[in-house]
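Inside the fold
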Amino acid sequence: MVGLCGILGDPQHNIDAVSHTIEWSEDENGAIFRDDTAQIFHSVHRESDAHQPEPTGGEQLLWIWGDVIGFEDSTGYTPRGNQETSDATYCASLLESHGPSFIEGLNSEFAGVILDQDRTKATLFTDRLGARPIYVTDELDDSVLFSTHLNSILAHPAFEPSVDDELLSEFLKLERTFGIYTPFEGVHQLHPGSTLTVDLEDGSTSLERYWVPQYRPTDRPYNELVQEFSSIIQRSVEERSDPSADEGLFVSGGSDSRLLLSLLADDVTGYHLNDSINTEAEIAREACETAGVDFRFLQREPDYLTDVLERVADFQLFQSFFDQAHFAGFEDELTNEVDAVFSGHTADTILEGFYLPTREVPVPHLGWTIPLPILEPVESVGSYAEYIVNDYQYNRGPSTNTQPEYVTLDKSPEAVLREYMTESDDGVVHHGVKYPSIDALAHAGGFYPITNNKAYFTYYTANQMLPTHYPFLDNRVIDFSLSVPHRHHARRSIVNRTLTNRNRPLAEIPKAGIGLPLTYPRTVYSVAELWRSFKNNIVPGSGSGGGSWSDNAAVLRETDIAESYLLNGECSEQYPAIIDREKIETLYQRHLEGENNYFDLYALLSLCNSYPVKNDRMTFQ
């Protein structure tokens, strides 16, 4: 792994017991720092970032793991500039000149620690969206144990992980635990956009939030919004790109990666992951050829997801299932060929309204619904909880208010969610995360924190393999998103329009799965999606085989992944109390006979092969 972990306070608890959990491969660089009140271990990709802690003139010490590209204060925004300077050196200089408030102005994704000069307190901090989450527990006597990886907490011998059945059911049903909560009692994420000050003498803590998503739409002409975004995303890419480095880009058949293609130099390598050269792969190849960049096809073998499960199971965060670690099986190819890679991941979440509640029309007797690009008003936390459970965008599984059939918990998913949501005059709290209004929750609930995104594991595992840049997670992009009226997020595509203005030949290549150029209005795509949905439901399988991700239902039927990693004797002995083994076997058998139960089975594969289960580090209620 790459990241940070540490014990702040009583030195009787040894960091050596968990430092191995922040190790992904032998190619990483890192070291342990120790003194009377703090033990901190860091692991990074680049050798230049390995020299931590970085001291300031005031003898404060700083550690950081991230992709820091600039800084903003009252005088304006300043790009980082010299990329040869390490993240720690850059941030230490800002700490010395601005004090701890420098954290509020950092741009991009990061997690860090500041140890005060008198060594009586330490400060943990994370970026606006908690993209590099810090997991924390204060259940060690007079100490705080923290890590950017959950298993560091669960592995410590002085901590006894106890599972919260309701939050575990949330993971199994909705592919994530929301907000700052985890399925483990006494373990939570640091609130996004916040600092946590730890008293190193008694272990007490104080939290301060420095950023919250304020939804403040401005009613401007749409073309003006597009022009503004075009300028922002161009700077975002330029400030992350290193002309002296070999860089790659994850390329799909959609618009987000094509926009990045139009902005990157022509010596970038485009990487596309797929089972075969199907329609989406051909579109990705055509996009690379049109942009004049090399195309690299990464072909999955039939047992690819079995290999991915083995690779990432120990690093399960209980945010996404194992199959969302899409590129983990091609780590060697990527690390041998490029120094860093760009990704368009989260663009649909930040800019395209992917998690905004939209209208759905049920089709009687057929059991399916038609999604429409029309906003569904969110008037209360109750309606938001109902939307999370029932809207097709929010999960890949059945959109019903019922637990997976093997879960014995006598409480509906909506009731579980609702228990962790409150509304008052001060705002809304959703699983420990505070939003200033219900509008802010509706707009930002899918990315604040970013671990609310169902595909978060894609982001996390890519960062573990090699430095990965996410231009759509730029502070300026986030601020822009919060200024755009909801109707534009739902009915239009700023990404498509920006690409069309910048590079029309790229935009005229049909979008995979739709078959229409990106130059068309979004309403036309909606009609095309309705037709595709109709074909899929009337003629099952008619729309399959053209995408970029595995056929998950077929994987379970055509490989032994379930028999080897779910239904063997060792796994069955470790099922939590809320899991009924006999119903798992029945569910799997029905899947083999033609039902599509992959989502519920992948949930169990993710749980039962996780580090705490395999190492008997879970206590069930």
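I will try to describe carefully the structure that is included in this document. Please read all numbers here as calculations on a predicted model, not as lab measurements.

This part takes up the overall build of the protein chain. Along the backbone of the protein chain there are 24 helices and 23 strands. Against the compact-globule benchmark of 25 Å for 621 residues, the protein chain has a radius of gyration of 23 Å, which places it among compact chains. In the protein chain, the share of contacts with a sequence separation of at least 24, taken over all contacts with a separation of at least 6, comes to 68%. Accessible area of the protein chain: about 23,400 Å², with a carbon and sulfur share of 45%. Computed over 42 positive and 98 negative side-chain charges, the inter-centroid distance for the protein chain is 9 Å.

Turning to the environment of Val 187, a few remarks are in order. Note that Val 187 resides in the loop between helix H3 (165-174) and strand E11 (188-189). The spatial distance from the C-alpha of Val 187 to the C-alpha of Tyr 135 is 6.7 Å, given a sequence separation of 52 residues.

Attention now goes to the sheet that holds strand E16 (residues 294-299). Read from one edge of the open sheet, 5 strands run E16-E15-E14-E17-E23, paired in parallel fashion. The open sheet has two edge strands with one neighbour each: E16 and strand E23 (468-469).

What follows is about the pairing of strand E1 (residues 3-9). E1 sits mainly inside the fold: 7 of its 7 residues count as buried. Direction of pairing for E1 relative to strand E10 (residues 143-147): antiparallel, over a ladder of 5 bridges. Bridging from a neighbouring strand, Ile 7 pairs with Leu 145 of E10.

With that settled, consider the pairing of strand E12 (residues 194-199). Where strand E8 (residues 121-126) meets E12, 5 bridges bridge the pair, whose relative direction is antiparallel. Each residue of the ladder has a partner; that of Lys 121, found in E12, is Asp 199. As paired elements, E12 and strand E13 (residues 205-209) share 5 bridges and run antiparallel to each other. Within E13, the position partnered with Thr 197 by the bridge is Ser 206. Between E12 and E13, which pair antiparallel one after the other, the connecting turn spans 5 residues, and Gly 203 there sits at a positive phi close to 80°.

Another aspect to go through is the packing of aromatic side chains. Evaluated as defined, the whole model comprises 22 aromatic pairs. For the pair Phe 110 and Phe 125, a centre-to-centre distance of 6.0 Å together with 55° between the ring planes defines the contact as tilted. Of this pair, Phe 110 sits in strand E7 (residues 106-115) while Phe 125 sits in strand E8; the two residues are 15 residues apart in sequence, bridging distant segments of the chain. Each ring, one from Phe 250 and one from Phe 327, has its centre 3.7 Å from the other, and the planes form 15°; the classification is stacked. One end of the pair, Phe 250, is in strand E14 (residues 247-250); the other, Phe 327, is in the loop between helix H7 (304-312) and helix H8 (331-337), with 77 residues separating them in the sequence.

Glancing now at the sheet that holds strand E20 (residues 421-424). Across the sheet, 3 strands lie side by side as E20-E21-E22; this open sheet has antiparallel pairing. The open sheet is flanked by E20 and strand E22 (433-435), the only strands paired with a single partner. Within this sheet the neighbouring strands show an average axis-to-axis angle of 15°, counted without direction. Two elements, E20 and strand E21 (residues 427-430), share 4 bridges in a ladder whose sense is antiparallel. Looking at E21, one finds that Glu 423 is bridged to Val 428. Across the sheet, helix H10 (residues 381-390) is in contact with E20 and E21; its angle to E20 comes to roughly 150°.

Tracing the backbone shows Ser 152 in helix H2 (residues 150-155). With relative accessibility at 0%, the residue Ser 152 sits in the buried group. Side chain to side chain, Ser 152 and Ser 147 meet in a polar contact 2.7 Å long. Aside from chain neighbours lying at most four places away, what touches Ser 152 is Cys 5, Val 18, Thr 21, Ile 22, Leu 145 and Ser 147.

Turning our eyes to something else, we now look at the packing of helix H4 (residues 222-240) against helix H16 (residues 494-502). Where H4 contacts H16, the axes come no closer than 9 Å and their chain directions differ by 75°. As judged from the angle between their axes, H4 and H16 are roughly perpendicular. Between H4, through Tyr 222, Asn 223, Val 226, Phe 229, Ser 230 and Gln 234, and H16, the contact on the second element is made entirely by Ile 494, Arg 497, Thr 498, Asn 501 and Arg 502. Grouping the constituent residues of the contact of H4 with H16 by class yields 4 nonpolar, 5 polar and 2 charged.

What follows deals with a negative patch on the surface. Side chains of Glu 301, Asp 303, Asp 307, Glu 310, Asp 560 and Glu 563 sit close together on the surface and give a patch of like negative charge. Counting through the fold element by element, Glu 301 comes out in the loop between E16 and H7. Of the residues examined, Glu 301 reaches a relative accessible area of 49% and is grouped as partly exposed.

What follows is about the environment of Arg 359. Its place among the elements puts Arg 359 in strand E18 (residues 358-363). As for Arg 359 and Asp 391, which are separated by 32 residues in sequence, their C-alpha atoms are 9.0 Å apart.

Reading the values: rules and limits
- Residues numbered from 1 in each chain as written.
- Predicted model: local features only at pLDDT ≥ 70, side-chain atom pairs only at ≥ 80, totals over all residues.
- Heavy atoms only, no water.
- Helix = DSSP H or I, 4+ residues; strand = E, 2+ residues; numbered from the N terminus.
- Rg over C-alpha atoms; globule rule 2.2 N^0.38 Å.
- Contact = heavy atoms within 4.5 Å.
- Areas by Shrake-Rupley, 256 points an atom, 1.4 Å probe, with all protein chains shown as cover.
- Lys, Arg positive; Asp, Glu negative; His and termini not counted.
- Charge placed at Lys NZ, Arg CZ, Asp CG, Glu CD.
- Pairing = 2+ DSSP bridges.
- Buried < 20%, exposed > 50% of the residue type's maximum accessible area, 1.4 Å probe, protein only.
- Phe/Tyr/Trp six-rings, centres within 6.5 Å; stacked < 30°, edge-to-face > 60°.
- Axes fitted to C-alpha atoms, helices over the stretch in contact; angles between N-to-C directions.
- Polar contact = N/O pair within 3.5 Å; in protein donor to acceptor, adjacent residues only side chain to side chain.
- Parallel < 35°, antiparallel > 145°, perpendicular 65-115°, else oblique.
- Nonpolar A, V, L, I, M, F, W, Y, C, P; charged D, E, K, R; others polar.
- Patch = residues over 30% accessible without salt bridge, like charges linked within 9 Å, V, L, I, M, F, W, Y side chains within 5 Å.
- Salt bridge = Lys/Arg side-chain N within 4 Å of Asp/Glu carboxyl O.

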